[in-house]
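Listed below are the residues making up each chain.
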Amino acid sequence: MSGIDAFGIALQRGDGVTPTEGFVAIAKVTNVSGPEIERETYDVTAHDSEDGWREFIGGLKDAGEVSLEVNYDPSVHDDLIADFEDTAPRSYKLVFPGGLGSWALKLILTGFSQEAPVDDKLSAELTFKVSGKPVITPGA
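Summarised in this report is the structure supplied together with it. (Residues numbered from 1 in each chain as written. Predicted model: local features only at pLDDT ≥ 70, side-chain atom pairs only at ≥ 80, totals over all residues. Heavy atoms only, no water.)

Here strand 9 (residues 123–130) lies mainly inside the structure; six of its eight residues are buried. Here strand 6 (residues 65–71) runs beside strand 9; their pairing, made up of seven bridges, is antiparallel. Paired with Val 66 across the bridge in strand 9 is Phe 128. Here eight bridges tie strand 8 (residues 101–115) to strand 9, and the two strands are oriented antiparallel to one another. Within strand 9, the position partnered with Gln 114 by the bridge is Ala 124. (Buried < 20%, exposed > 50% of the residue type's maximum accessible area, 1.4 Å probe, protein only. Helix = DSSP H or I, 4+ residues; strand = E, 2+ residues; numbered from the N terminus. Pairing = 2+ DSSP bridges.)

Further remarks concern the packing of aromatic side chains. Counting across every chain of the model gives two aromatic pairs. A centroid spacing of 5.4 Å and a plane angle of 65° characterise the contact between Tyr 72 and Phe 112, whose relative ring orientation is edge-to-face. In this pair, Tyr 72 is assigned in the loop between strand 6 and helix 1 (74–82) and Phe 112 in strand 8, connecting sequence segments 40 residues apart. Residue Tyr 72 is classed as buried on the basis of its relative accessible area, which comes to 12%. (Phe/Tyr/Trp six-rings, centres within 6.5 Å; stacked < 30°, edge-to-face > 60°.)

Below, the discussion takes up a negative patch on the surface. Side chains of Glu 36, Glu 38, Glu 40 and Glu 65 sit close together on the surface and give a patch of like negative charge. Turning to its location among the elements, Glu 40 is positioned in strand 4 (residues 38–43). Owing to a relative accessible area of 43%, Glu 40 belongs among the partly exposed residues under this scheme. (Patch = residues over 30% accessible without salt bridge, like charges linked within 9 Å, V, L, I, M, F, W, Y side chains within 5 Å. Areas by Shrake-Rupley, 256 points an atom, 1.4 Å probe, with all protein chains shown as cover. Salt bridge = Lys/Arg side-chain N within 4 Å of Asp/Glu carboxyl O. Lys, Arg positive; Asp, Glu negative; His and termini not counted. Charge placed at Lys NZ, Arg CZ, Asp CG, Glu CD.)

Set out below in structure tokens:
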């Protein structure tokens, strides 16, 4: 297989209800980017490092950000803007199409930008910061 069709990916927003949280897909998503997981490294090079090569150990990990582009509909998306006022992360799921698995994420909305060009569609970009460790569930 040379590639996988991304059509149908969904970012689902948790409703915060316990003990069984429900999730609803954010509508009209045209593009999803992220998360970009990365790890810091710490230089542990010493005067006796073998053959003068720098040495490193792994440090703290960061899951980066998730960005969404949407066909903006204020009646559908403005409840997400309310999340901007929350300081606590909200539960989300990034669900891959075709049963390919999912990522459970805690996200904080950090940015919202809408665009209304005279000759194109109303659109918006939402940026979320990932808090903590993503929980990855592989697909079948």
